[in-house]
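Close look at the chain arrangement
Below are the chains, spelled out letter by letter.
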Amino acid sequence: VHHNTWRLDDQIGLVAQDSLCHFEGSRTADEPKKSEEIELIVEAIRTNANLGPLVSHLGQGSLHEMAESAHCVQVNSGVEVIVQGEIRADHFFVIAEGTFQVMVDGKHAAVLASGDSFGEMALLFRAPRAATVRSTSEATIWSIHRSHFRRLNQASVKQKIKLYSRILSQVELFSES
């Protein structure tokens, strides 16, 4: 089993610090994504049991913007993308291709494949990883950093506050007769 160490690079986002992940031909968030890639990422976010309810208020444009912020990462078989107990947990992942095994406390918990996602708790809380997720085949994943998720969520909340403020400013609670 290979344990992969990740680091955040200002230019391309998530980078493996060893040779188990290869980046030849991988694309950064700056490069345009195909519509089917955007839809895969958006659908994975929407259907994630923990994230879905929290992003249901976001419009299609915000979800597309979140998907556009994703980095494409090629992962070799046997790479532990996340490790249970790791403190640094800043990325959420969507599987484009390949399969992954989820382990909790050393026991098999699930198998994930294309369209599935993992690491969402990192977007929501600053808590250690709850599971280990290891690739069981060559794979392609999309990585979204916590900062992109938070920025879009906060922007949506600010828009709602402005809207409610406008509405409330037009309501006369007490009128002088």
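Above this note sits the structure.
Residues numbered from 1 in each chain as written. Predicted model: local features only at pLDDT ≥ 70, side-chain atom pairs only at ≥ 80, totals over all residues. Heavy atoms only, no water.

**A look at the overall build of the protein chain**
Regarding its fold elements, the protein chain presents 5 helices and 12 strands. Counting across all 177 residues of the protein chain, residues that qualify as buried make up 44%. Restricting to contacts in the protein chain with at least 6 residues of sequence separation, those with at least 24 account for 73%. A total of about 9900 Å² of accessible surface is found on the protein chain, and carbon and sulfur atoms cover 54% of it. (Helix = DSSP H or I, 4+ residues; strand = E, 2+ residues; numbered from the N terminus. Buried < 20%, exposed > 50% of the residue type's maximum accessible area, 1.4 Å probe, protein only. Contact = heavy atoms within 4.5 Å. Areas by Shrake-Rupley, 256 points an atom, 1.4 Å probe, with all protein chains shown as cover.)

**So, the packing of aromatic side chains**
Per the stated rule, a full pass over the model turns up 2 aromatic pairs. Consider the rings of Phe-93 and Phe-118, whose centres lie 5.1 Å apart with planes at 25°: the pair is stacked. Taken together, the positions of Phe-93 in strand 7 (residues 91-97) and Phe-118 in strand 10 (residues 117-118) put the pair 25 residues apart, joining distant regions of the chain. Exposure class is identical for Phe-93 and Phe-118. Each is buried. Ring plane angle 45° and centroid distance 5.6 Å describe the contact between Phe-100 and Phe-118, whose orientation is recorded as tilted. (Phe/Tyr/Trp six-rings, centres within 6.5 Å; stacked < 30°, edge-to-face > 60°.)

**Concerning the nonpolar core**
Formed by 21 residues in total, the largest nonpolar core has its most connected members in Ile-41, Ile-45, Leu-51, Phe-92, Trp-142, Ile-144 and Phe-149. For this core, the secondary-structure elements that each account for two or more residues are helix 1 (35-47), helix 3 (60-68), strand 7, helix 4 (121-124) and strand 12 (139-145). A total of 5 residues in this core trace back to one element, the largest contributor, which is helix 1. Those residues within four positions of Ile-41 in sequence are excluded, and the remaining contacts are Lys-33, Ala-67, Ala-70, Val-94, Trp-142 and Ile-144. Among the nonpolar cores identified, the runner-up in size contains 15 residues, and Val-73, Phe-93, Val-102 and Val-133 belong to it. (Core = buried A, V, L, I, M, F, W, Y, C linked by side-chain atoms within 4.5 Å.)

**Points about unusual backbone geometry**
Within the chain, Asp-105 stands out as a residue other than glycine whose phi angle is a positive 55°. Take Asp-105: it is sitting in the loop between strand 8 (100-104) and strand 9 (107-112).

**Observations regarding the pattern of salt bridges**
Tallied over the entire structure, the rule returns 3 salt bridges. Linking Arg-134 and Glu-80 is a salt bridge whose minimum nitrogen-to-oxygen distance equals 2.9 Å. Taken as a pair, Arg-134 in strand 11 (residues 132-135) and Glu-80 in strand 6 (residues 79-82) lie far apart in primary sequence, 54 residues in all. Taking the relative accessible area as the measure of exposure, Arg-134 reaches 17% and is therefore buried. (Salt bridge = Lys/Arg side-chain N within 4 Å of Asp/Glu carboxyl O.)

**Structural notes on the side chain of His-91**
Looking at where His-91 falls in the secondary structure, it is placed in strand 7. Among the polar contacts made by the side chain of His-91, one reaches the side chain of Ser-143 at a distance of 2.9 Å. (Polar contact = N/O pair within 3.5 Å; in protein donor to acceptor, adjacent residues only side chain to side chain.)

**Overview of the side chain of Glu-120**
Relative to the helices and strands, Glu-120 resides in the loop between strand 10 and helix 4. Comment: no salt bridge for buried Glu-120; closest opposite-charge side chain is Arg-129, at 7.2 Å. At a separation of 3.2 Å, a polar atom in the side chain of Glu-120 contacts the side chain of Asn-48. A polar atom in the side chain of Glu-120 sits 2.7 Å from the side chain of Asn-50. In contact with Glu-120, other than residues within four places in its own chain, are Asn-48, Asn-50, Leu-51 and Phe-92. (Lys, Arg positive; Asp, Glu negative; His and termini not counted.)

**A few points about the pairing of strand 9**
Where strand 8 and strand 9 come together, 5 bridges link them in antiparallel fashion. Within strand 9, the residue paired with Met-103 across the bridge is His-108. (Pairing = 2+ DSSP bridges.)

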